[in-house]
Structure formats: C-alpha cells, structure tokens
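# A structural walkthrough
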Amino acid sequence: HGWSWFLMPPDFPLRVVANDILNRQVILRGVKVNAFETIILACILLSTLCMMIDFPLANPQNPVISTVRTLDEIFSGVFIAEMVIKLLAWPVFWGEGAYLWSEGCAWNWLDFIV
C-alpha cells in the first residue's frame, strides 16, 4: 500500500498493527464479517439514535439526556480513533488504497472533514 505519511513503509510495526485491526475477520451467525467495520457501523447506528433523542434545549440534568450526551462524547472518540487507525494503515493521498483518493473514499472524506 505504499508509504503512509511519507514516513512509514508497509512493514512498519504501527502500520502492521493498524492493518491487522482493519482486516480482522470474525464469524457472526455463521458468516465471516469484518469486525472493525461491523463495530463502526453499530456505533454509527447508535450515535444516530442518540442524536434523535437529544435536542439543544433539553434539560441537561435529565438522566436520559445526560447519558445521551456522554455517549455522544464516547462516539466522537470512537470515530476519531477510526480515522487515526485508517490514516496509520493506509497512504493519505497517493498510492494503492489511499485514504482520500481510493475507490469508495467518500466516507473517508466525510470523516476527515467532520
């Protein structure tokens, strides 16, 4: 996959770990799925549900609103970690599988901008 950040070759230990995280497969109900993407999609779904519950004028002392806002901070951390892992594993702009210029990278652009 070329060099990541122009500093890390494909066999750099940090990149190897990041790629291992991204490519780990698990068997779920008899079907082999990508564990990382499944977890991220579940987080996106739960985060969306939390956004549906919360609203700007909600009472912050309400236990439900307080929990939702805490979960929002946790999901932000998860999504930042997702982007960091991908940026460590893949080249950023150039090369095969580049984070911002490969096939299907529209979601990566959204992660990068948000």
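Let me begin by describing the structure that accompanies this report. (Residues numbered from 1 in each chain as written. Predicted model: local features only at pLDDT ≥ 70, side-chain atom pairs only at ≥ 80, totals over all residues. Heavy atoms only, no water.)

### Focus: the overall build of the protein
- From N to C terminus, the protein includes four helices and two strands.
- For 114 residues, the compact-globule formula gives about 13 Å, and the C-alpha radius of gyration of the protein, at 17 Å, lies well above that figure.
- Projecting the C-alpha coordinates of the protein onto the three principal axes gives extents of approximately 50 × 35 × 25 Å.
- The buried share of the protein, reckoned over its 114 residues, is 28%.
- For the protein, long-range pairs separated by at least 24 residues make up 41% of all intrachain contacts whose partners lie at least 6 apart in sequence. (Helix = DSSP H or I, 4+ residues; strand = E, 2+ residues; numbered from the N terminus. Rg over C-alpha atoms; globule rule 2.2 N^0.38 Å. Buried < 20%, exposed > 50% of the residue type's maximum accessible area, 1.4 Å probe, protein only. Contact = heavy atoms within 4.5 Å.)

### Describing unusual backbone geometry
- The backbone phi angle of Arg29 is positive, close to 55°, even though this residue is not glycine.
- By secondary structure assignment, the location of Arg29 is in the loop between strand 1 (25-28) and strand 2 (31-34).
- Assessed through its relative accessible area of 84%, Arg29 is described here as exposed.

Take it as geometry only, folks, not as evidence of what the structure does.
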